[in-house]
Amino acid sequence: MEQSFIMIKPDGVQRCLVGEIIARFEKKGFTLKGLKLVSVERSFAERHYSDLSAKPFFNGLVEYIVSGPVVAMVWEGKNVVVTGRKIIGATNPADSAPGTIRGDFAIDIGRNVIHGSDSVESARKEIALWFPEGTVGWQTSLHPWIYE
Ligand code: UDP
Ligand code: MG
């Protein structure tokens, strides 16, 4: 089953959006496979965003991610990568539709509350980076009520 790496960024934690965000993924029907509150170091944030290292906003982005604890999660389910990005909304909250997490809770692109993997391949890399200890191997008993 497909997995995505979802991270509530420091602003989402500070603004007490952790429960609200987890609830949206849970209520959709996705399954939580990993969860931890962590403060990451600069070098770790740089590795997570290594694809963006040439971007002018890279330093500010790294400063943002290390500015406080983040909630790192692994969510599982059919098409969770693409659907997770829809639940999150467009990168710039000015363009995120109401009803999405960024559309409902964010204003500036540099304070957009949440990260979600952009492909199955990125998800695999990000889960390996953030959860080297592995995730939790459990199965939800709701499966037949969510999938036909
Ligand atoms: N970002 C930014 N300014 C920009 C573009 C992106 O501060 O012009 C930040 C923003 O927090 C975004 C993150 O960098 O979520 C990663 O950028 P990406 O293009 O991967 O967007 P995402 O996948 O998070 O939607
Ligand atoms: Mg991205």
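Owing to the predicted nature of the structure, the values given are computational and were not obtained by experimental measurement.

Considerations on the site of ligand 1
As a structural note, the neighbourhood of ligand 1 is formed by Lys 9, Tyr 49, Leu 52, Phe 57, Leu 61, Tyr 64, Arg 85, Thr 91, Arg 102, Ile 109, Gly 110 and Asn 112. In this structure, an oxygen atom belonging to ligand 1 sits 2.9 Å away from a side-chain N or O atom of Lys 9. Separating an oxygen atom of ligand 1 from a side-chain N or O atom of Arg 102 is a distance of 3.0 Å. Isolated, ligand 1 exposes 500 Å² of accessible area, and the fraction of that covered by the protein chains is 78%. For the shell around ligand 1, the class distribution of residues is six nonpolar, three polar and three charged.

Structural notes on the UniProt feature "binding site: ATP" (unreviewed entry) in the chain
Mapped onto this structure's residue numbering, the UniProt feature "binding site: ATP" (unreviewed entry) falls at Lys 9, Phe 57, Arg 85, Thr 91, Arg 102 and Asn 112. With respect to the element layout, Phe 57 can be found in the loop between helix H3 (42-48) and helix H4 (58-65). Relative to the helices and strands, Asn 112 resides in the loop between helix H6 (101-105) and strand S4 (114-116). Not counting the four nearest positions on each side in its chain, Asn 112 is found in contact with Lys 9, Asp 11, Tyr 64, Thr 91, Pro 93, Arg 102 and Ala 106.

Focus on H4
For H4, the set of buried residues is Phe 58, Leu 61, Val 62, Tyr 64 and Ile 65. Down the axis of H4, the sector holding all buried residues measures 155°, keeping them to one side. Against the buried residues of H4 lie strand S1 (3-8), helix H1 (10-14), H3 and strand S3 (70-76).

Describing a nonpolar patch on the surface
There is a patch of nonpolar side chains on the surface, built from Leu 142, Trp 145 and Ile 146 and spanning about 380 Å² of accessible area. We classify Trp 145 as exposed; its relative accessible area is 75%.

Topic: the sheet that holds S4
Spatially, four strands are ordered S2-S3-S1-S4 in an open sheet, and the strand pairing comes out antiparallel. Edge positions in the sheet fall to strand S2 (31-38) and S4, since each of these pairs with one other strand and no more. Here the strands of the sheet are splayed against their neighbours by 15° on average, with no regard to which way each runs. Relative to S4, S1 runs antiparallel, the two sharing three bridges. Bridge assignment links Ile 6 to a residue of S4, and that residue is Gly 116. Packed onto the sheet, helix H5 (residues 80-88) meets S1, S3 and S4 and runs at close to 25° relative to S1.

Parameters at a glance
- Residues numbered from 1 in each chain as written.
- Chains lettered and ligands numbered in written order.
- Predicted model: local features only at pLDDT ≥ 70, side-chain atom pairs only at ≥ 80, totals over all residues.
- Heavy atoms only, no water.
- Near = heavy atom within 4 Å.
- Polar contact = N/O pair within 3.5 Å; in protein donor to acceptor, adjacent residues only side chain to side chain.
- Areas by Shrake-Rupley, 256 points an atom, 1.4 Å probe, with all protein chains shown as cover.
- Nonpolar A, V, L, I, M, F, W, Y, C, P; charged D, E, K, R; others polar.
- UniProt positions renumbered as here; feature names shortened; annotations may be inferred.
- Helix = DSSP H or I, 4+ residues; strand = E, 2+ residues; numbered from the N terminus.
- Contact = heavy atoms within 4.5 Å.
- Buried < 20%, exposed > 50% of the residue type's maximum accessible area, 1.4 Å probe, protein only.
- Arc of directions from axis to C-beta.
- Patch = residues over 30% accessible without salt bridge, like charges linked within 9 Å, V, L, I, M, F, W, Y side chains within 5 Å.
- Salt bridge = Lys/Arg side-chain N within 4 Å of Asp/Glu carboxyl O.
- Pairing = 2+ DSSP bridges.
- Axes fitted to C-alpha atoms, helices over the stretch in contact; angles between N-to-C directions.

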